[in-house]
Amino acid sequence: MTELAQLTTKCSPNWCPGCGDIAIWGAYKNAAVQKGWDNGNTAIVAGIGCHGHIVNFTKLTSFEGLHGRPLPVATGIKLANNRLNVFVFTGDGDCLAEGGNHFVHACRRNHNITVFIHDNAIYGLTTGQTSPTSPHGYKSKSTPEGNPDYPVNPLALAIAAGATFVARSYAGDIQSTANMMIKAAEHQGISILDILQPCVTFNKELTHGYYQENTYKLENHDVKNKVEAFKKSLEWGPKQIPLGVFLDIDEPTYESELPQIANNPLIDNDPVRKDVTKLFEEYT
Amino acid sequence: MAFKDNLFSVKVGGQAGQGIKSAGQVLAKVATRSGYNIFTYTEFPSIIRGGHNVTQVVIGERDVTAPLTTTNILVALNQDTVNKHMAEVVGGGVIIFDADKRIDTSKVKKGVNLCPVPLAKFAFEAADLELLENTVANGAALALLGADLAILTDLVAEEFGKKGQKIVDANKKAATAGYDFAKKEYADKIKDVLRKKDKVEKKMMISGSEAVGLGAIAGGLQFAAIYPMSPISNILHTLAKYQEKYGFIYKQPEDEIAAINMTIGAAYAGARSMTSTSGGGFALMSEGYGLAGMTETPIVIIEGMRPGPATGLPTWSGQGDLQFVLHAHQGDFPRIVLAAGDIEEAFHLTMKALNLAEKYQTPVVLLVDKNICDGDQSYPVFDVSGYKVDRGKVTREKKEDFKRFQLTDDGISLRSIPGFGNYFIANSDEHDEEGFSSEEIDNAVSQHEKRMKKLATCDSQDMEVPQLYGPEDADITIVSWGSNKGSILSALKDFPNVNFMHIVWMNPFPTTAVKNVLTRAKYVIDLEANITGQLAQVIAEKTGIIIADKFLKYDGRPFFPEEIADKLNSVLKG
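Residues numbered from 1 in each chain as written. Chains lettered and ligands numbered in written order. Predicted model: local features only at pLDDT ≥ 70, side-chain atom pairs only at ≥ 80, totals over all residues.

> Please give an account of the overall build of chain A that cites residues and values.
Along its length, chain A carries ten helices and eight strands. Over its C-alpha trace chain A gives a radius of gyration of 20 Å, about what one expects of a compact globule, namely 19 Å for 284 residues. Taken over the C-alpha atoms alone, chain A extends approximately 70 × 45 × 40 Å along its principal axes. Residues counted as buried form 54% of the 284 residues belonging to chain A. When contacts within chain A are restricted to residue pairs at least 6 apart in sequence, those whose partners lie at least 24 apart make up 70%. (Helix = DSSP H or I, 4+ residues; strand = E, 2+ residues; numbered from the N terminus. Rg over C-alpha atoms; globule rule 2.2 N^0.38 Å. Buried ≥ 20, exposed ≤ 12 C-beta atoms within 10 Å, placed from the backbone. Contact = placed C-beta atoms within 7 Å.)

So, in structure tokens, the structure goes:
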């Protein structure tokens with residue numbers, strides 16, 4: 001059993017008042033309480049960006065790595081101890097710019113890990129430059145005349161790369177985000193949850209108001225149909241931003257196919273000096 | 001020269017794709033099984049078919065540790081091999097080539113015996129395949145070496161057994177045809193080089209990459225993520241092959257950045273972990289290198305050097321990465337850097353590196369190079385009985401007020417892993433004793449000092465002084481490192497008045513020991529395979545001693561014992 005108070009650390013959140021990160025943090029803690037995620041069964045990995053500060057405010061054993069690199073760290077953790085629930089907190093810059101390569105490959109490998117993208121379509125921690133999910137024409141400190149690039153679509157990219165669970169939520173809807181986090185965690189295989197997270201300080205376009213106005217909840221959508229999921233993932237615009245689970249299909253997880261960990265995690269067998277006499281024989 | 005009297009060199013050359021390396025390995029293994037020692041040296045370009053490949057097998061009664069500039073038997077599977085290597089063949093030596101391919105041997109010097117053999121004809125007769133030319137040639141070469149045909153045919157059966165009886169029979173037929181032909185036609189050229197000994201000690205013939213892989217397995221490796229790159233790819237091939245049997249995981253990542261971060265993740269979660277790469281891949285690993293230092297995560301990095309910068313000479317050897325691994329990454333963190341001098345050292349140091357990483361909770365780099373990775377040498381089976389896995393200060397018990405980065409006298413804190421109730425953050429930001437991000441002055445200073453203290457602890461508890469080969473009192477002292485060791489030792493057989501200091505520990509550095517030897521030395525030569533004398537720079541930095549005479553080579557080729565002998569003679573005559 002996990003109680004909310006047990007997840008509190010000595011550090012107070014240092015995000016801006018109204019930041020979507022605060023809502024994501026709240027949703028995650030609610031989910032952790034509901035599902036009993038604790039220091040006996042869970043590890044968190046975060047990258048660098050505003051999102052990464054979450055490790056300081058959430059009392060679950062964690063690894064805060066380098067910008068763009070949380071996915072390979074999480075992969076290593078899961079392979080070493082597949083009994084752990086492994087959560088990756090990452091940002092749009094962290095995951096889709098600096099770590100874009102890792103994102104594509106993590107999706108296609110279907111490790112049983114859960115990825116939350118704090119997607120605020122801006123670089124907040126470095127005080128407001130365009131990110132991979134910023135709209136075309138978007139004005140920021142790095143694109144004063146408007147963003148010449150077109151945004152990457154994290155959901156379409158994840159589906160194309162082979163992720164087996166792909167969903168989107170809006171941070172301000174804490175209850176739905178928590179529910180989606182639980183669904184993502186319960187899915188066997190890699191789960192990508194893109195969380196629309198307004199940056200109240202630097203992003204004056206994609207605001208709470210904008211998302212409340214323009215999102216809608218997916219209904220009558222077949223989550224087992226990859227083509228339909230892909231079509232839906234391409235939808236974006238006024239009143240046209242779908243929220244919910246786009247794709248949820250069953251494929252063998254990476255870990256389930258490794259005979260070395262079929263019975264128990266790697267770390268359950270303490271490393272000892274191995275008798276390699278038979279291997280030496282092969283070289284005689 | 002005396003050291004050559006007991007050595008015999010066979011060189012096989014041809015196009016990439018003609019099975020040059022495998023022919024050389026078969027020859028070397030027949031030699032090993034006949035009771036002799038071998039050393040192989042392979043030169044090949046970074047292409048799969050068409051370029052010029054050669055493998056040299058040096059055979060000796062006792063230890064053979066280096067390549068040679070001379071050749072006793074040249075097996076030329078094409079014209080190019082004759083043109084490029086005929087000058088190396090010694091008087092009384094032999095060139096074997098295809099009798100029917102109009103190979104031009106008009107420029108071969110007098111005194112070298114020409115031994116044409118119908119290689120392609122026998123290969124076709126054996127299996128309608130020209131691919132077996134190398135096997136026919138091996139048969140002929142081994143006949144001239146006085147080897148036992150049965151050793152060759154047994155080996156062929158083992159090598160090709162998995163491919164089916166038909167392939168085995170074809171290869172046996174090809175080998176026998178070449179052997180019988182040479183034995184009959186060139187009976188007067190046969191030497192007793194590989195006459196099977198009455199008593200043959202069982203020996204391995206193993207490459208450096210295979211030795212690193214086996215060392216890792218013997219040392220209790222649990223996880224490795226390695227992206228392919230010359231010259232270390234055979235390390236991952238060895239690990240991938242045995243992972244299920246020995247219960248560890250090898251993962252092929254998308255790049256070297258992922259490789260080191262996966263390795264860090266697995267180590268953080270409690271698995272004994274390593275990665276490997278060459279200089280270019282290590283450039284990508286640089287950020288992860290310091291991440292492991294900052295988060296105090298134990299990882300081993302095997303860095304197989306080849307000449308840079310950039311893609312450089314991808315399939316050749318060099319020692320240009322010493323300063324790079326000693327300094328890569330922003331800021332300071334404790335890094336342990338070792339360099340292996342040969343295949344056996346690479347094996348034992350891989351095992352040691354796994355222990356050092358876990359004891360000091362920090363990255364350990366083991367430098368090897370292409371000569372070590374791709375060369376084969378014969379050894380009695382390695383003795384691992386003295387090795388014990390040391391995981392250092394680590395617990396899976398739930399502790400009250402657990403502080404992962406607690407300040408300690410030796411700089412090493414109690415480590416725990418996720419999933420056992422102990423809360424902590426492995427944090428790339430500067431952090432306090434629990435791992436929370438902290439920018440406070442006292443904390444920044446104390447954590448930084450705590451981490452760096454580990455080097456002083458390692459210096460006093462684990463660092464080893466360099467071995468001095470040869471007499472204490474010598475006219476010349478050679479200082480060197482890495483794969484130069486074999487060639488230096490080979491050359492030193494003719495110089496009883498020269499000694500050699502072989503440096504393995506690069507960081508922490510055995511400053512006092514090195515200083516003592518160099519201060520006593522009458523004349524010092526620094527010998528390295530890079531253009532700036534990178535070890536000499538370390539020595540100058542640590543001891544204040546400037547070595548004036550640097551014997552440097554940076555053409556991708558190994559030091560040959562003959563070159564070292566020439567250098568020593570020129571200094572002695574000085």
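> With reference to specific residues and values, describe the packing of helix α3 (residues 70–80) of chain A against helix α10 (residues 256–268) of chain B.
Running from N to C, α3 of chain A and α10 of chain B cross one another at 45 degrees; their axes reach a closest spacing of 6 Å. With respect to each other, α3 of chain A and α10 of chain B are oriented oblique. Crossing hand, α3 of chain A versus α10 of chain B: right-handed. Contacts between α3 of chain A and α10 of chain B involve P72, V73, A74, T75, G76, I77, L79 and A80 of chain A on the former and, on the latter, A258, N261, M262, T263, I264, G265, A266 and Y268 of chain B. In terms of residue class, the contact of α3 of chain A with α10 of chain B is made up of eleven nonpolar, five polar and no charged. (Axes fitted to C-alpha atoms, helices over the stretch in contact; angles between N-to-C directions. Parallel < 35°, antiparallel > 145°, perpendicular 65-115°, else oblique. Left-handed = near helix turned anticlockwise from the far one by under 90°. Nonpolar A, V, L, I, M, F, W, Y, C, P; charged D, E, K, R; others polar.)

> Quick rundown of the interface of chain B and chain A? Include the residues and the values.
Every contact between the two is made by 60 residues of chain B and, on the other side, 44 residues of chain A. Of all the elements in the fold, those that place two or more residues in the side of chain B that touches chain A are β7 (203–207), α8 (208–218), β8 (223–225), α9 (233–246), β9 (249–251), α10, α11 (279–295) and β17 (425–427) of chain B. Of the residues contributing to the side of chain B that touches chain A, the split by class is 35 nonpolar, 14 polar and eleven charged.

> Outline unusual backbone geometry, supporting the account with residue identities and numerical values.
All names here are of chain B. Following S230, the chain continues into P231 via a peptide bond in cis, with omega recorded as 5 degrees. In this structure, P231 sits in the loop between β8 and α9. With an omega dihedral of -5 degrees, the bond running from G308 to P309 counts as a cis peptide bond. Of note, the phi angle at A310 is positive, near 55 degrees, even though the residue is not glycine. Along the chain, A310 falls in the loop between β11 (300–305) and α12 (322–327). The phi dihedral of H329 is positive, around 90 degrees, even though this residue is not glycine.

> Kindly report on helix α16 (residues 484–492) of chain B, identifying the contributing residues and their values.
For an α-helix, the turn length of 3.6 residues means that residues three or four places apart are oriented alike. By the criterion of burial, α16 of chain B is predominantly enclosed, with nine of the nine residues buried. Those residues of α16 of chain B that fall on the buried side of the exposure criterion are N484, K485, G486, S487, I488, L489, S490, A491 and L492 of chain B.

> Got a sec to walk through the confidence of the model for chain B? Specific residues and values, please.
Interpreting fine coordinate detail is not advised for predicted regions of low pLDDT. Overall, the predicted model of chain B reaches an average pLDDT of 96, with 99% of residues at or above 70. Here the predicted complex carries an ipTM of 0.98, next to a pTM of 0.97. (pLDDT = per-residue confidence, 0-100.)

> Kindly report on the domain arrangement of chain B, identifying the contributing residues and their values.
Residue and element names in this part refer to chain B. Taken domain by domain, chain B holds domain 1 (2–197), domain 2 (206–380), domain 3 (394–461) and domain 4 (467–573). Once you take the C-alpha centre of each, domain 1 and domain 2 turn out to be 34 Å apart. Contacts between the two partners involve 13 residues from domain 1, matched on the other side by nine residues from domain 2. Counting residues per element, the side of domain 1 that touches domain 2 draws most heavily on strand β2 (residues 37–43), at six residues. Class assignment for the residues of the side of domain 1 that touches domain 2 results in six nonpolar, seven polar and no charged. (Domains from an automatic or database assignment.)

> Describe the sheet that holds strand β22 (residues 524–528) of chain B, with residues and values.
All names here are of chain B. With respect to topology, five strands assemble into an open sheet ordered β18-β20-β19-β22-β23, the strand pairing being mixed. Sheet topology places β18 (467–469) and β23 (549–552) at the edges, where each strand pairs with a single neighbour. Across the sheet, the axes of successive neighbouring strands diverge by a mean angle of 25 degrees, strand direction being ignored. As paired strands, β18 and strand β20 (residues 498–502) are joined by three bridges and run antiparallel to one another. By the bridge assignment for β20, Y469 is matched with F500. (Pairing = 2+ DSSP bridges.)

> Tell me about the sheet that holds strand β21 (residues 505–507) of chain B, and name the residues and values.
All names here are of chain B. Overall, mixed pairing links the seven strands, which are arranged β9-β8-β10-β11-β13-β12-β21 in an open sheet. A single partner strand is all that each edge strand has here, and the edge strands are β9 and β21. Here the average twist between neighbouring strands, direction ignored, is 20 degrees. In the sheet, strand β12 (residues 336–339) pairs with β21 via two bridges, with the strands oriented antiparallel. Counted as the bridge partner of V337 is N507 from β21.

> Could you give an account of the environment of M501 of chain B, naming the residues involved and the relevant values?
Residue and element names in this part refer to chain B. Mapping M501 onto the fold places it in strand β20. Given 24 C-beta atoms within a 10 Å radius, M501 is considered buried. Residues M501 and F436, 65 residues apart in the sequence, show an inter-C-alpha distance of 46 Å. Look past the residues within four positions of M501 in its chain and what remains in contact with it is P466, L468, T477, V479 and V517.

> Pulling in residues and values, what's your account of helix α2 (residues 20–33) of chain B?
Residue and element names in this part refer to chain B. With 14 residues, α2 extends 20 Å from end C-alpha to end C-alpha; this agrees with the ideal 20 Å at 1.5 Å per step. Most of α2 is tucked away: twelve of the 14 residues are buried. Within α2 the residues assigned to the buried category are I20, A23, G24, Q25, V26, L27, A28, K29, V30, A31, T32 and R33. Where α2 ends, the next residue or the one after it, G35, has phi of about 105 degrees, a positive value. (Expected span 1.5 Å × (residues − 1).)

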